[in-house]
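Below are the chains, spelled out letter by letter.
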Amino acid sequence: MTESVLQVEELTLSFRTAAGLIRVLRGVSFDIRAGELVGLVGESGSGKSVTAQAVARLLPEETTVVESGRILFAGRDVCTMTEAEMREIRGRRIGYVFQEPMTALNPAMTVGDQLMHVIRHHHGCSRREARQRVQRALEEVLIHQPDLVARQYPFELSGGMRQRIVIALAMSANPALLIADEPTTALDVTVQAEILKLILRLARQHGTAVLFITHDLGVVSQICERMVVLYAGEVVERGPVREILRHPNHPYTRALLRAVPDVARRGEPLQAIPGELPDLRHLPPGCVFAPRCVHRMERCDTRPPLRGSGDTAVACWWSGQEVPNR
Amino acid sequence: MSTPIVARSARYGGGRMLWKQLTANRFTALAVACVVAIVLLALLAPWLAPDSPTSVHLSQRLSPPSARHWFGTDEVGRDLFSRILYGARISVGVGLGSVLLAALAGTLLGAFSGYWGRWADQGIMRLMDILLSFPSIVLAMALAAALGPNLLNAALAIAIVKLPVYVRLARAEALSISRQLFVKAARTFGLGSGWIVTRHIIPNLLPPIVVQITLDLGDTILLIATLGFLGLGAQPPTPEWGAMISVGWKYLLDQWWYPTLTGAAIFITVMSFNLLGDGVRDLLDPRRHEEGGRTS
């Protein structure tokens, strides 16, 4: 087994609000090995982005409280690092791609200049060398006319082009981990496929591990090797993508899969999950998914631990029993 | 893959369009013409002026406007036209200088204040509140008097008086800009605060600062003349308009041209810069378009 790039261990994190502390992550654990693509899946508000931003420590420090747990990046705890140490890691070791490519670039600077600054910041090279690296970086993200594009401002580029630039920026220092926070959600479907292919190719080429955050199971099945399913700030299931898609153990994962259109089940109505995410201030005492679960039992009023063997783990009392395939 | 096709001229067409819109209003067009003329006259003063602004001809003292002395002469026979031309250099030059100084310092302070927040923000803003609590002329006079009455100190005093406006403006803009995603994105690249403020925040908050500079120019020129008039700015024999009037007003009844023409120079200059400022503000103010392009 290869070494872990990132290990999130029992991370419990709260936000300080006017209404008091709100726990947004409870005991989140998962790891990413070198060069591996891991999908972090969940619906809006499940804590995907918070997890990702906690890893890069981008959450506002005044209002964020890490109550327990660790985030080990290359063996060191991100939570206890100083801001200066963190700056060394951001960009250089951890690249970050945001959801909205429209606003992730500085509108008052040409994309070439933005790339140039970041590249010079990382490599400390001369202007001339940086210019060549900009060219190469743009070619790497499949931009056909790097000279022309480098001289343009973000508003002159399409969403897909901008996301390529953002990826070029994030990958410019050849980081060990790329965090992609819903990088394709704001794009249309054809562009989405191109961007996915691009991220996959770059990750393979450079041996970069990717934490891919999405609510789209189709995307996960296309590019990820393992996946982590988050629900209301807790990991409910994790394991290799292929196994989970074939044998989802947690009722939530099963319900999610049934909500995805599938050619094989043509004509059948899609099944939505009844109810909504629980209020994080008033969580059910036991399993967080219990109020919406079709397999709810008496036991579900106590919290199920995340149990499993090897890579697979599930937090559910019901799925301990042998279950038939969907 | 999509290839962006943007004609290069589109980017530069903006300048011509701006010019067109700016001169669409009659008053603004007039102001632009006046400002251009004043700046040209100031720049070309050494070549246009018939005489040195400081050469004394006692035999021709207080002579009325004539072919030789277009604007007449002052109490020691200096050519008034030459003095007013040279005075334009001082007013426009020093005015622009002190506004730019205030804008530069204010933008930096305000941007850091807005981005950093916390104690730095509190400290800077309370200091600016103190500066703002004084009437600007009183503060400028006190500062100029304390620093010692000369032109440079007057410019410095005016820059300090104008500073809080720029700090507040830049801070407000920086607050909203630093919440935008590209600033967070810049942090994910490992860029430091200094870099983020100077390269990402300041370039994006410049438009309102530019408007404020054009609005402040007329006011500043008037302030310089005021300090000069009160003896706290340029000292005689420097051909500064305010200082010239402070001597010339005594001759208003008998040699009317002396204070009147000098005053007219101040009036026209301040008026032109104010109208230009209003024009630029109207142009860059998004609310104007809601009102159906009505300009005042």
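For clarity, every value in this text was computed on a predicted model and none was experimentally measured. (Residues numbered from 1 in each chain as written. Chains lettered and ligands numbered in written order. Predicted model: local features only at pLDDT ≥ 70, side-chain atom pairs only at ≥ 80, totals over all residues.)

A. Examining the packing of helix H9 (residues 193-229) of chain B against helix H10 (residues 241-248) of chain B more closely. Residues and elements named next belong to chain B. Where H9 contacts H10, the two axes come as close as 6 Å, and the packing angle between them is 40°. Relative to H10, H9 is oriented oblique. Between H9 and H10 lies a crossing of right-handed hand. Taking contact as the criterion, the partners of Ile 224, Ala 225, Thr 226, Leu 227, Gly 228 and Phe 229 in H9 are, on H10, Trp 241, Gly 242, Ala 243, Ile 245 and Ser 246. Across the contact of H9 with H10, the residue classes tally to seven nonpolar, four polar and no charged. (Axes fitted to C-alpha atoms, helices over the stretch in contact; angles between N-to-C directions. Helix = DSSP H or I, 4+ residues; strand = E, 2+ residues; numbered from the N terminus. Parallel < 35°, antiparallel > 145°, perpendicular 65-115°, else oblique. Left-handed = near helix turned anticlockwise from the far one by under 90°. Contact = placed C-beta atoms within 7 Å. Nonpolar A, V, L, I, M, F, W, Y, C, P; charged D, E, K, R; others polar.)

B. Here's a closer look at the pairing of strand E6 (residues 94-97) of chain A. All names here are of chain A. Neither face of E6 is exposed, since Ile 94 and Tyr 96 on one face and Gly 95 and Val 97 on the opposite face are all buried. Summarising the sheet, E6 and strand E7 (residues 177-181) pair through four bridges and their orientation is parallel. Considered in E7, the bridge of Gly 95 is made with Leu 178. (Buried ≥ 20, exposed ≤ 12 C-beta atoms within 10 Å, placed from the backbone. Pairing = 2+ DSSP bridges.)

C. Seen up close, the domain arrangement of chain A. All names here are of chain A. For chain A, the domain assignment lists domain 1 (4-93 + 177-320) and domain 2 (102-172). Taken together, the contact pairs 12 residues of domain 1 with 13 residues of domain 2. Sort the elements by how many residues they give to the side of domain 1 that touches domain 2 and helix H7 (residues 189-206) lands first, with six residues. Across the side of domain 1 that touches domain 2, the residue classes tally to nine nonpolar, one polar and two charged. (Domains from an automatic or database assignment.)

D. Inspection of unusual backbone geometry at higher detail. In the segment running from Pro 236 of chain B into Pro 237 of chain B, the intervening peptide bond is cis, with an omega of 10°. Mapped onto the fold, Pro 237 of chain B is located in the loop between H9 and H10. Phi is positive for Glu 182 of chain A, close to 45°, though the residue is something other than glycine. Along the chain, Glu 182 of chain A falls in the loop between E7 and H7. If you check the backbone angles, Arg 118 of chain B has positive phi at about 55° while not being a glycine. Turning to its location among the elements, Arg 118 of chain B is positioned in helix H5 (residues 118-132). Here Arg 118 of chain B falls in the exposed class, since 9 other C-beta atoms lie within 10 Å of it.

E. Looking closely at the UniProt feature "transmembrane region" (unreviewed entry) in chain B. With numbering aligned to this structure, UniProt lists the feature "transmembrane region" (unreviewed entry) at residues 27-49, 90-115, 127-145 and 256-277 of chain B. As a span, residues 27-49 of chain B carries 91% helix and 0% strand, and end to end its C-alpha atoms are 29 Å apart. (UniProt positions renumbered as here; feature names shortened; annotations may be inferred.)

F. Spatial organisation of the environment of Leu 306 of chain A. Residues and elements named next belong to chain A. With respect to the helices and strands, the residue Leu 306 is situated in the loop between helix H10 (251-258) and strand E11 (313-314). Since 18 C-beta atoms lie within 10 Å of it, Leu 306 is described here as partly exposed. Residues Leu 306 and Glu 88, 218 residues apart in the sequence, show an inter-C-alpha distance of 34 Å. For Leu 306, the residues in contact, after removing those within four places along its chain, are Ser 29, Val 235, Ala 313 and Ala 315.

G. Examining the UniProt feature "domain: ABC transmembrane type-1" (unreviewed entry) in chain B more closely. Here, the residues flagged by UniProt with the feature "domain: ABC transmembrane type-1" (unreviewed entry) are residues 88-277 of chain B. A distance of 19 Å separates the end C-alpha atoms of residues 88-277 of chain B, which is 83% helix and 0% strand.

H. Focus on the UniProt feature "domain: ABC transporter" (unreviewed entry) in chain A. UniProt records the feature "domain: ABC transporter" (unreviewed entry) for residues 6-257 of chain A in the present numbering. Annotation note: span residues 6-257 of chain A, helix share 39%, strand share 28%, distance between end C-alpha atoms 27 Å.

I. Seen up close, the confidence of the model for chain B. All names here are of chain B. Per-residue confidence for chain B averages 86 on the pLDDT scale, and 91% of its residues sit at or above 70. Long-range and interchain partners of residues 1-12, a stretch whose pLDDT sits below 50, account for 14 contacts in this model, where long-range means more than four residues apart. Of the regions scoring below 50 in pLDDT, residues 290-296 engages in three contacts with residues more than four places distant in sequence or in other chains. Reported confidences for the modelled complex are a pTM of 0.79 and an ipTM of 0.79. (pLDDT = per-residue confidence, 0-100.)

J. How the structure looks around the interface of chain B and chain A. Each side of the interface is counted separately: chain B has 20 residues, and chain A has 31 residues. Breaking the side of chain B that touches chain A down by element, the ones donating at least two residues are helix H8 (181-188) and H9 of chain B. For the side of chain B that touches chain A, the element with the highest residue contribution is H8 of chain B, accounting for six residues. Here the residues of the side of chain B that touches chain A are counted per class, giving nine nonpolar, eight polar and three charged.

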